[in-house]
Amino acid sequence: MEEMPDRAHVELGTIVSTSPIDSRAPKSTEWRGGLPTLAGSVVTLRELQPADAHALFSALTTAEVARFISPPPTAIDGFEKFIAWTRRHREAGQYVCFAVVSKESDVVIGLFQVRSLEPDFGVAEWGFAIASEFWGTGAFVDGARLALDFAFTTIGSHRLEARSATVNGRGNGALRKIGATREGVLRKSFLRNGEYLDQALWTILADDWLAAKATWGSPIIH
């Protein structure tokens, strides 16, 4: 398998600027040449490296994590191909994938993805997966703030969408916790293990995110 499936389904699962985003304002494209490192209080987000394949395999293929995400590669070399794929699509300006790294080590514990649904990321879909041993540690909330702030303030997205199986209580709770709005249910829209599952559609708008940013603060970019 060369790549993860197109849709970034949720495994786990708002942010205050005095001025709204101007959709006509120029958007940065420097990230197409390489992602910056975003430092939070619990985790750091950085570009995936080929050497991360083994750690990603360990983090994302456990039964707990894989239950509600699109099927991950089944071998380490599949993750190596996936990492190469993320770089090609980042260079093309279509997709962003950050590795989540614990502050206590340089080992990857998960990832955040943002995929353009229309030209220039005006509307985009995001998703995430975190190793189960880091659930409830604050890693998701810290990483989500960094990733979403990047999507809204650097890439220039106007609307971000996330999908989570309605039976995925942890994922839906995480999205609600960061201020996402549940807009509806996409019936039988996610095929997993031979069964079609309903998904909740969660959205965050740039104005709402920036309105809450003054409360959370800004990420540190190196």
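Because the structure is predicted, anything quoted here is derived from the model rather than measured.

### Considerations on the overall build of the chain
Phase 1: A tally of helices and strands in the chain yields 6 helices and 9 strands.
Phase 2: Burial statistics for the chain: of 222 residues in total, 52% are counted as buried.
Phase 3: Of the accessible surface of the chain, which amounts to about 10200 Å², a share of 50% is contributed by carbon and sulfur atoms.

### Considering helix H4 (residues 139-155)
Phase 1: With 17 residues, H4 should reach 24 Å at 1.5 Å per residue; the first-to-last C-alpha distance of 23 Å fits that figure.
Phase 2: Burial analysis of H4 places 15 of its 17 residues in the buried class, which makes it a mostly covered element.
Phase 3: Among the residues trailing H4, Gly156 stands out with phi positive, at a value near 95 degrees.

### Here we look at the pairing of strand E4 (residues 108-116)
Phase 1: With 9 of 9 residues buried, E4 lies mostly within the body of the structure.
Phase 2: Relative to E4, strand E3 (residues 95-102) runs antiparallel, the two being bridged by 7 bridges. Of the residues in E4, the one forming a bridge with Val100 is Gly110.
Phase 3: Between the end of E3 and the start of E4, which pair antiparallel, lie 5 residues.
Phase 4: Connecting E4 to the antiparallel partner strand E5 (residues 123-130) that follows it, the hairpin turn spans 6 residues, and Asp120 within it adopts a positive phi of roughly 65 degrees.

### Quick notes on the confidence of the model for the chain
Phase 1: Counting all residues, the mean pLDDT for the chain is 86, and 84% of those residues have values of 70 or more.
Phase 2: In the predicted structure, residues 1-26 sits below a pLDDT of 50 and forms 95 contacts with residues beyond four places in sequence or in another chain.

### Some details on the packing of helix H1 (residues 53-60) against helix H3 (residues 76-91)
Phase 1: At a closest axis distance of 8 Å, the pairing of H1 and H3 adopts a crossing angle of 110 degrees. Between H1 and H3, the angle is such that the two are roughly perpendicular. Between H1 and H3 lies a crossing of right-handed hand. Across from Ala53, His54, Leu56, Phe57 and Leu60 in H1, the residues of H3 making contact are Ile76, Phe79, Glu80 and Ile83.

### Some remarks on the pairing of E5
Phase 1: Counting buried positions along E5 yields 8 of 8 residues, so the element is predominantly enclosed.
Phase 2: Of the two faces of E5, the one holding Val123, Glu125, Gly127 and Ala129 and the one holding Ala124, Trp126, Phe128 and Ile130 are both buried throughout.
Phase 3: Across 7 bridges, E4 lies against E5 in antiparallel orientation. Counted as the bridge partner of Gln113 is Gly127 from E5.
Phase 4: Direction of pairing for E5 relative to strand E6 (residues 159-165): parallel, over a ladder of 3 bridges. Directly across from Glu125, in E6, lies its bridge partner Glu161.
Phase 5: Handedness of the crossover joining E5 and E6 through H4 is recorded here as right-handed.

### Things to note about H1
Phase 1: Taken together, the buried positions of H1 are occupied by Ala53, Ala55, Leu56, Ala59 and Leu60. End-on, the buried residues of H1 take up no more than an arc of 160 degrees, which puts them together on one face.
Phase 2: Contacts made by the buried residues of H1 are with helix H2 (63-66), H3, E4 and E5.

### Here's the deal with the packing of aromatic side chains
Phase 1: For the structure on display, the rule yields 11 aromatic pairs.
Phase 2: Residues Phe57 and Phe79 carry aromatic rings whose centres are separated by 6.2 Å and whose planes lie at 80 degrees to one another, so their mutual orientation is edge-to-face. Of this pair, Phe57 sits in helix H1 while Phe79 sits in helix H3, and the two are 22 residues apart along the sequence.
Phase 3: A relative accessible area of 25% places Phe57 in the partly exposed class.
Phase 4: Of the residues examined, Phe79 reaches a relative accessible area of 0% and is grouped as buried.

Calculation criteria
- Residues numbered from 1 in each chain as written.
- Predicted model: local features only at pLDDT ≥ 70, side-chain atom pairs only at ≥ 80, totals over all residues.
- Heavy atoms only, no water.
- Helix = DSSP H or I, 4+ residues; strand = E, 2+ residues; numbered from the N terminus.
- Buried < 20%, exposed > 50% of the residue type's maximum accessible area, 1.4 Å probe, protein only.
- Areas by Shrake-Rupley, 256 points an atom, 1.4 Å probe, with all protein chains shown as cover.
- Expected span 1.5 Å × (residues − 1).
- Pairing = 2+ DSSP bridges.
- pLDDT = per-residue confidence, 0-100.
- Contact = heavy atoms within 4.5 Å.
- Axes fitted to C-alpha atoms, helices over the stretch in contact; angles between N-to-C directions.
- Parallel < 35°, antiparallel > 145°, perpendicular 65-115°, else oblique.
- Left-handed = near helix turned anticlockwise from the far one by under 90°.
- Right-handed = clockwise from strand over helix to strand, strands pointing away.
- Arc of directions from axis to C-beta.
- Phe/Tyr/Trp six-rings, centres within 6.5 Å; stacked < 30°, edge-to-face > 60°.

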